[in-house]
2 protein chains.
Amino acid sequence: MSKSFGLEILHVDKKTGARYGILHTPHGDVETPMFMPVGTNATLKMLSPEQVAACGSGVVLANTYHLHIRPGAEIVKKAGGLHKFMNYHGPILTDSGGFQVFSLASRRKITEDGATFRNEIDGGKEFFSPEVAIGIQEALGADIIMSFDECIPYPASREYVARSTERTYRWAKRGLEAKTRDDQALFGIVQGGAYPDLRRHAAEQLAALPFEGYSIGGTSIGEPKDVCFQMVRDAIAPLPQDKPRYLMGVGSIDYLLEGVMLGVDMFDCVLPTRLARHGALLTRHGRLNIQRKEYEEDFTPIEADCDCYTCQHYTKAYLRHLYKVGEGFGQTLNSIHNIRFLIRLMEEAREAIKNDVFAEFKEKIYADFNDPRGF
Amino acid sequence: MSKSFGLEILHVDKKTGARYGILHTPHGDVETPMFMPVGTNATLKMLSPEQVAACGSGVVLANTYHLHIRPGAEIVKKAGGLHKFMNYHGPILTDSGGFQVFSLASRRKITEDGATFRNEIDGGKEFFSPEVAIGIQEALGADIIMSFDECIPYPASREYVARSTERTYRWAKRGLEAKTRDDQALFGIVQGGAYPDLRRHAAEQLAALPFEGYSIGGTSIGEPKDVCFQMVRDAIAPLPQDKPRYLMGVGSIDYLLEGVMLGVDMFDCVLPTRLARHGALLTRHGRLNIQRKEYEEDFTPIEADCDCYTCQHYTKAYLRHLYKVGEGFGQTLNSIHNIRFLIRLMEEAREAIKNDVFAEFKEKIYADFNDPRGF
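It should be emphasised that the depicted structure is a prediction, and the values quoted were computed from it without experimental measurement.

Draft legend 1. Seen up close, the interface of chain B and chain A. Taken together, the contact between chain B and chain A spans 32 residues of the former and 32 residues of the latter. Examining the composition of the side of chain B that touches chain A, we find that 6 residues originate from one element, helix α13 (residues 316-325) of chain B, more than from any other. When grouped by side-chain class, the residues that make up the side of chain B that touches chain A number 15 nonpolar, 10 polar and 7 charged.

Draft legend 2. Broad picture of the relation of the copies chain B and chain A. Superposition record for chain B on chain A: RMSD 0.0 Å, screw rotation 180 degrees, translation along axis 0.0 Å. Both copies of the chain, as the preceding transformation shows, are related through a two-fold rotation axis. A share of 100% of the interface residues of chain B reappears at the interface of chain A, consistent with the copies meeting face to face through the same patch.

Draft legend 3. Highlighting the packing of helix α13 (residues 316-325) of chain A against helix α14 (residues 328-354) of chain A. Residue and element names in this part refer to chain A. Remark: α13 packs on α14, axes separated minimally by 7 Å, with the N-to-C direction vectors making an angle of 135 degrees. Classified by the angle their axes make, α13 and α14 are oblique. You can see that α13 and α14 cross each other, and the crossing is left-handed. For the pair α13 and α14, contact is made by Leu319, Leu322 and Tyr323 and by Phe329, Gly330, Leu333 and Asn334, respectively.

Draft legend 4. Up close: the sheet that holds strand β2 (residues 19-25) of chain B. Residue and element names in this part refer to chain B. The 3 strands lie next to each other as β1-β2-β3, forming an open sheet whose pairing is antiparallel. The sheet is open, and its two borders are formed by β1 (6-12) and β3 (28-32), each paired with just one other strand. Pairwise comparison of adjacent strand axes, ignoring direction, gives a mean angle of 20 degrees for this sheet. Here 5 bridges tie β2 to β3, and the two strands are oriented antiparallel to one another. Note on β3: the bridge partner recorded for His24 is Asp29.

Draft legend 5. Representation of the domain arrangement of chain A in the model. All names here are of chain A. Splitting chain A by domain gives domain 1 (6-32 + 63-269) and domain 2 (276-354). Once you take the C-alpha centre of each, domain 1 and domain 2 turn out to be 30 Å apart. If you look at the interface, domain 1 gives 11 residues, while domain 2 gives 6 residues. Those elements giving two or more residues to the side of domain 1 that touches domain 2 turn out to be β2 (19-25) and α10 (253-261). Top element by residues in the side of domain 1 that touches domain 2 is α10. It accounts for 4 residues. When grouped by side-chain class, the residues that make up the side of domain 1 that touches domain 2 number 6 nonpolar, 2 polar and 3 charged.

Draft legend 6. Quick peek at the packing of helix α7 (residues 158-178) of chain A against helix α8 (residues 196-207) of chain A. Residue and element names in this part refer to chain A. The contact between α7 and α8 brings their axes to 10 Å, and the two run at 10 degrees. Between α7 and α8, the interaxial angle falls into the category roughly parallel. On the side of α7, the interface is formed by Val161, Ala162, Thr165, Tyr169 and Ala172, while α8 contributes Leu198, Ala202, Gln205 and Leu206. Across the contact of α7 with α8, the residue classes break down as 7 nonpolar, 2 polar and no charged.

Draft legend 7. Layout of the pairing of strand β8 (residues 115-118) of chain B. Residue and element names in this part refer to chain B. Every second residue of β8 is oriented toward a common face, the buried set being Ala115 and Phe117 and the non-buried set Thr116 and Arg118. Here strand β7 (residues 106-110) runs beside β8; their pairing, made up of 3 bridges, is antiparallel. By the bridge assignment, Lys109 is partnered in β8 with Thr116. Here β7 folds back onto β8, and the loop between the two strands holds 4 residues. One ladder, built from 4 bridges, connects β8 with strand β9 (residues 125-128); its direction is antiparallel.

Draft legend 8. Structural context of the nonpolar core. Counting 236 residues, the largest nonpolar core has A:Leu256 and B:Leu256 as the members making the most contacts within it. In this structure, A:Leu256 is in contact with A:Phe35, A:Val250, A:Gly251, A:Phe267, A:Leu342 and A:Leu345, ignoring residues within four places of it in sequence.

Draft legend 9. Geometry of the sheet that holds strand β1 (residues 6-12) of chain A. All names here are of chain A. Pairing is antiparallel in the open sheet, where 3 strands are placed in the order β1-β2-β3. If you trace the sheet from one side to the other, it starts and ends with β1 and β3 (28-32), each paired once. Neighbour-to-neighbour, the strand axes of the sheet open up by a mean angle of 20 degrees, direction not taken into account. With 6 bridges connecting them, β1 and β2 associate as antiparallel partners. Residue pairing for β2: Ile9 is matched across the bridge by Gly21. Lying over the sheet, α14 contacts β1, β2 and β3, oriented at roughly 120 degrees with respect to β2.

Draft legend 10. The arrangement of the pairing of β2(B) in detail. In terms of residue burial, β2(B) counts as a mostly covered element, since 5 of its 7 residues are buried. Between β1(B) and β2(B), which pair antiparallel one after the other, the connecting turn spans 6 residues.

Draft legend 11. Layout of the environment of B:Leu288. All names here are of chain B. Take Leu288: it is sitting in strand β16 (residues 286-289). Given 19 C-beta atoms within 10 Å, Leu288 falls into the partly exposed group. Through-space distance from the C-alpha of Leu288 to that of Cys151 is 32 Å; in sequence the pair is 137 residues apart. Contacts of Leu288, omitting those with residues within four sequence positions, involve Leu281, Thr283 and Ile302.

Draft legend 12. Region of the structure containing helix α8 (residues 196-207) of chain B. Residues and elements named next belong to chain B. The end-to-end C-alpha separation of α8 is 16 Å, in line with the 16 Å expected for 12 residues at 1.5 Å each. The set of residues buried in α8 consists of Leu198, Arg199, Ala202, Ala203, Gln205 and Leu206. Taken end-on, α8 shows its buried residues confined to a sector of 160 degrees, consistent with a single buried face. In this fold, the buried residues of α8 make contact with α7 (158-178), β11 (185-190), β12 (213-216) and α9 (225-236).

Draft legend 13. Representation of the environment of B:Val101 within the structure. Residue and element names in this part refer to chain B. One can find Val101 in helix α5 (residues 98-103). Taking the C-alpha atoms as reference points, Val101 and Thr283, 182 residues apart in sequence, are found 33 Å from one another. Once residues within four sequence positions are removed from consideration, Val101 is found in contact with Tyr65, Arg108, Ala115, Phe117 and Phe128.

Draft legend 14. Structural context of unusual backbone geometry. Residues and elements named next belong to chain A. Note the cis peptide between Thr32 and Pro33, where omega equals -5 degrees. Note that Pro33 resides in the loop between β3 and β4 (34-36). The linkage connecting Tyr154 with the following residue, Pro155, adopts the cis geometry, with an omega of -5 degrees. Note on placement: Pro155 falls in the loop between β10 (144-146) and α7. Of note in the backbone geometry, Met46 takes a positive phi value of approximately 75 degrees without being a glycine. On the neighbour-count criterion, Met46 (24 C-beta atoms within 10 Å) is buried. For Arg107, which is not glycine, the phi torsion reads 50 degrees and is therefore positive. Position of Arg107 among the secondary structure elements: in strand β7 (residues 106-110).

Draft legend 15. Structural context of α10(A). Residues and elements named next belong to chain A. For α10, the tally of buried residues reaches 8 of 9 residues, placing the bulk of the element in the interior. Among the residues making up α10, those that are buried are Ile253, Tyr255, Leu256, Leu257, Glu258, Gly259, Val260 and Met261. Among the structural elements, β4, α9 (225-236), β13 (245-247), β14 (266-268), α14 and α15 (358-368) are those in contact with the buried residues of α10. Following α10 by one or two positions, Gly263 adopts a phi angle in the positive range, close to 105 degrees.

The rules behind the values
- Residues numbered from 1 in each chain as written.
- Chains lettered and ligands numbered in written order.
- Predicted model: local features only at pLDDT ≥ 70, side-chain atom pairs only at ≥ 80, totals over all residues.
- Contact = placed C-beta atoms within 7 Å.
- Helix = DSSP H or I, 4+ residues; strand = E, 2+ residues; numbered from the N terminus.
- Nonpolar A, V, L, I, M, F, W, Y, C, P; charged D, E, K, R; others polar.
- Least-squares fit on C-alpha atoms with pLDDT ≥ 70 in both.
- Axes fitted to C-alpha atoms, helices over the stretch in contact; angles between N-to-C directions.
- Parallel < 35°, antiparallel > 145°, perpendicular 65-115°, else oblique.
- Left-handed = near helix turned anticlockwise from the far one by under 90°.
- Pairing = 2+ DSSP bridges.
- Domains from an automatic or database assignment.
- Buried ≥ 20, exposed ≤ 12 C-beta atoms within 10 Å, placed from the backbone.
- Core = buried A, V, L, I, M, F, W, Y, C linked by C-beta atoms within 7 Å.
- Expected span 1.5 Å × (residues − 1).
- Arc of directions from axis to C-beta.

What follows is the structure in structure tokens.
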């Protein structure tokens, strides 16, 4: 891997495992822990790259599976790679496609070689393997790429989890061998289901391989919260201190803060932008549903102390109006707020870590939150 | 009317009636002739105000009828007016609602007093009159407002057109009397159908009233092109030289250029943004349909010499991809191009007028255009 990639841990909170650092990438340095907005189809839904950057985004995510289906990785490659294609010049991360093969595709069949499935767009037969996933991701050209994995359902039998996790390990080794570009950082994905010994074993095995970072997979797919946090604990324990840790697919306040406390550096989730498109706005006190009548004449911003573009320029009455008339710009404004909300939460978390008060910061956030529906 | 409003004619093309000027408004000075993008629901569909401004927009339009229905003018007023509500701080124009009463509402009944109709959102009974239209527009607070008119269908009998146009004249006088704000410029609307003498008579009558500008209405509703241009000619002849002239609802290249040649200063149309949302992009050679297979690997911008944000940063292959996957940001990028396209055309038209070569400029634009489907 190019010397331009690596995590520099600058401070570890004295009372928790929370770490503050800088992640160096070929497209710039970003601070950790961080929340990464998701641009599935090589676009952050409804936002321009400038609007995303104005939210303080560090890394943004794009989905290998989706881009493989449309427009196809070869077209992105011919366009000069993802950064140029989508006009985002900060760091980009692509996932392995494993989660989508698991969650979106039909007629899925997994063998030692890889996974065959039917794609939902044209019904065509597809084949993903460690080599194929790396090939696609090399064509896409993100800064950070993922090893192909099987995302194991929850719950699953110990026998199945053990067998699948061993296969994901063999796939991880094949991915490392298949990799040809030296300007992309390849992460291994820790599976192991909800079985602590299998998680730890999976992490130990991967830790011994020359990955540039580690993802924690198979989480946030239906397991209870405490089970998820235990998975994270088990996965992280054997991982090297000096490599970034990425908890995939979580984006609610509590998951982010608990993850940070356990030593996670990177998070991503479609939830904040999906919620935004449906008029659900994140605040420190709970979720606000912009379509409610009570906001019809509310000429205040979503959050009085929020520094996002939306809160600086628009009122809840305007956002409600846009929602009610079905105007897309409302989705843009709502998405900006929700993305900035999580990025700002991470900014404050980093400050708390630097000052060794992360636990107190987390308690304060929990105390301020008073939505009975939960995070 | 406040001294801050008025058209300063700086040059009239020596060989045509095309005029170059500056329109002073309470929210800034803008050059004419100009194309005004339409923000029906107090939002330029899919664009932020900054993105609209970056297209070089002068005045933008909002629709009285739509804003009356949702969210209601009183809410916009309480929000501090349209500029503040929608965060657009350049000049704004609202229409009279007459065209929408004519084209959108059902169970329409017109009397001397005004028009009753059913609104299409909640089925409620509505009443628009000259006084109501002014009241709504004063609450909305645009810089330029319109007198209430009946938009006469085409074709219509001479008798009906004569009767309706006389009523629109009486409505115009009532509107002038109803007006209370002195920081808004009120325009009269010239109707008269396709009957030259009725058009001229309508324009003469309105020209004698103290309007700040004149709109040419009842055009672009199905009449042949040459009939429309004749209507414009007949309407403009009696109008004062020193007041702005606004040809409502036209936005194709030929209508803009013919209108400018006849002495029109202002144009608006939803067409460029509506086309954009459907993937139809304006170019100097004709319309380009971005979903076509031929653009799949076309890594060039929509127009090589276009200075819009979209052409500066994105390829046709990317725009096609966004269209095919149904991503809203594609609509944003397409709209930016189409709006900038018409605004740039008007910028060039102004330069041509200043140099007394407007006729040659128009011929050059026509000669370069080679779309057999027409403008």
